[in-house]
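Structural characterization, general
Letter by letter, the chains look like this.
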Amino acid sequence: MVNFSRSAFRWIYAALWVIRVLFALYGTGYIHPDEHMQNAEITAADILGYHTMRSWEWNPAFPLRAVIPIYMTSGLPFFFAQKLYSEPFAQTLHPTTLFRLERLSFLCLSSLLDVSVAILVPPPMRSFALLLLSSSYVTHAFYVRPFSNSLEAVIVALCLVCLKKIVWISTLDSNRKNEKNERAALNWHLHALAALGTFGASMRPTFFGFALPICLQMLRFSYKISGTLSRTTRLLAYPVCSGILTALCCIAVDALYYRGSLRHPVFPSLNFLKYNSSTDNLAEHGLHPRWLHLFVNLPMLISPWLWCLAVRGIYHSFKDHTRSTVEKAHAVDVVRETIAQIIVISLAILSTLPHQEPRFLCPMILPVLVLVATSTTQWPKKTFWVMWIIFNLVFAVVFGVLHQAGVVPSLFYLHSRIANDPSANTHIIYWKTYMPPRRFLGIPQQDAESGKVDITDLAGASQETLIDNLLPTGPATTTYVVTPVPMYKTLPSRVSPCFTPQTRIFPHLDLDHVRASIDAGLYDGLALGVYTVERSCVITATRDA
């Protein structure tokens, strides 16, 4: 068994926080396009006037995304940072500043997860739970990125905190229960739970799976506190109003944003449900077996060893539930029981959808850690820690440092090249990479509309499509191609001499073309190249072919 002294724990925990900060502010690993397209791509356009790509989810005719969450997370930092600049133009905000502002916002939000764990897990296992959270690669690679799932995880954690406080108040002695301070604390947490729950449901309908067990327990213990149904109704009346007011605010903001009028309300969560209820729609994003979340995605996020401990914790929680009563319940036991229900219900709901990605389970990580920590009284042995460290180190490096890590820095580089030659017309092509987030190019929208700067994302298109896009079709005087070095080496020998290397960005792991990356060797296989292309050379090469 491994245990740490208080001073050792503090040093380790502080070091893990430093690592989290470094991953947040300097980790350019690129997990999924949604980390850009569902948040800061929208606020950078609306607030700063940058050229960005507005994905289909933001179509005013059928929007799937709520507005308030993105303005609370990336919008506010962009707005205040813009105001700090003396120049009257928003484009003075450098792309690297944008990158670190949005990451800093989610880094601060991730601290709420630590606070929640500290409240939910009592000593002596509190430090164990905090070490699990702060050393998990999900914390370093997912929670510090602008995923809607990261914000959903924070809301789930805060709801659990509110529930624990409500249960704790219900267990107080009846003489203390009626004291003014305890009653005020109870009302505050009921209002907070109602507002948080409504906000989470308006952001992502999948939040219902996490919120349902919490709501049922809240009703159970509100009745215990009140004693009668009529008193329970009076107790919950004002919190329900808070939830309704929160819902109305979300509906009003979405209506004004998408339709410009309160007369035409929109409901992104309902649209989200409608869209995801169609298998044809989900087929465009990839269909997966229903068991993938349970047997692959969740073990991949929390490790197979912690997954086994979580299964054991769920079993014991349901077993103990059959013996417990409301009168004898303790706050920690209720939270553990609720978490077991959350894991089962949310997994069942999310597994009904045939499109399953690991990040959908991010809100489940903290509940799992709390369940494991409160289901045992002993720290695990050294073997567990060795496997845990290796597991999280590998995945943190892959997703936080290596995976598609050259895309964002390449945009920073191209921004500097465009800024150094403002009179040039520029055509930029990305080939065999993830979707480039346009805001990091740092150009105003009018430059894109006028054709002064044109960016084309060819994704996984064929070589023929790339060559066709290199032929002169507009006034561009400078053409850049951004592609992994192994992909450049696969180009036909008649065309490759037309490419002039400008810079190479290391590291850049391309898991979509592993064979080509291995053949290129370590140095070239983990590099992203930025090339200028002589279009007249391409014309000659294609004519000779």
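Residues numbered from 1 in each chain as written. Predicted model: local features only at pLDDT ≥ 70, side-chain atom pairs only at ≥ 80, totals over all residues. Heavy atoms only, no water.

1. Thoughts on the sheet that holds strand β2 (residues 453-459)
To be explicit about the condition: In this scheme, strands are said to pair when DSSP sees at least two bridges between them. Here a helix means four or more residues in a row that DSSP labels H or I, a strand means two or more in a row labelled E, and each is numbered from the N terminus. Under this scheme, a helix contributes an axis fitted over its contacting stretch, all axes are lines through C-alpha atoms, and angles between N-to-C directions fall in the 0 to 180 degree range. In what follows, a contact means two residues having at least one pair of non-hydrogen atoms within 4.5 Å.
What the five strands build is an open sheet, ordered β2-β1-β3-β5-β4; its pairing is mixed. Because the sheet does not close on itself, it has two edges, and the strands there are β2 and β4 (499-505). The sheet shows a mean angle of 20 degrees between the axes of neighbouring strands, taken without regard to direction. Pairing geometry for strand β1 (residues 426-431) and β2, over six bridges, is parallel. Counted as the bridge partner of H427 is D454 from β2. Contacts from helix α20 (residues 407-420) reach β1, β2, β3 (478-484), β4 and β5 (528-533) within the one sheet, and its direction differs from that of β1 by about 170 degrees. Sheet strands in contact with helix α22 (residues 463-470) are β1, β2, β3, β4 and β5, and its direction is about 175 degrees off that of β1.

2. Examining the domain arrangement of the chain
Put simply, the test is: In this document the domain limits rely on a domain assignment from an automatic tool or a database. Values labelled buried area give the accessible surface lost by two parts on being combined, using a 1.4 Å probe and summing over both. The salt bridge criterion pairs a side-chain nitrogen of Lys or Arg with a carboxyl oxygen of Asp or Glu, the two atoms within 4 Å.
In terms of domain boundaries, the chain breaks down into domain 1 (19-402) and domain 2 (406-544). Just the C-alpha atoms count here: the centres of domain 1 and domain 2 sit 37 Å apart. Contacts between the two partners involve 25 residues from domain 1 and, on the opposite side, 22 residues from domain 2. Buried area between domain 1 and domain 2, summed over both chains or domains, comes out near 2200 Å², and the portion from carbon and sulfur atoms is 70%. When the buried area of domain 1 at its contact with domain 2 is split by residue, Y30, H51 and L402 rank highest and sum to 32% of it. Our count for the contact surface shared by domain 1 and domain 2 stands at two salt bridges. Of the charged contacts, one joins R439 and E41 as a salt bridge, the two residues approaching to 3.0 Å between their closest N and O atoms.

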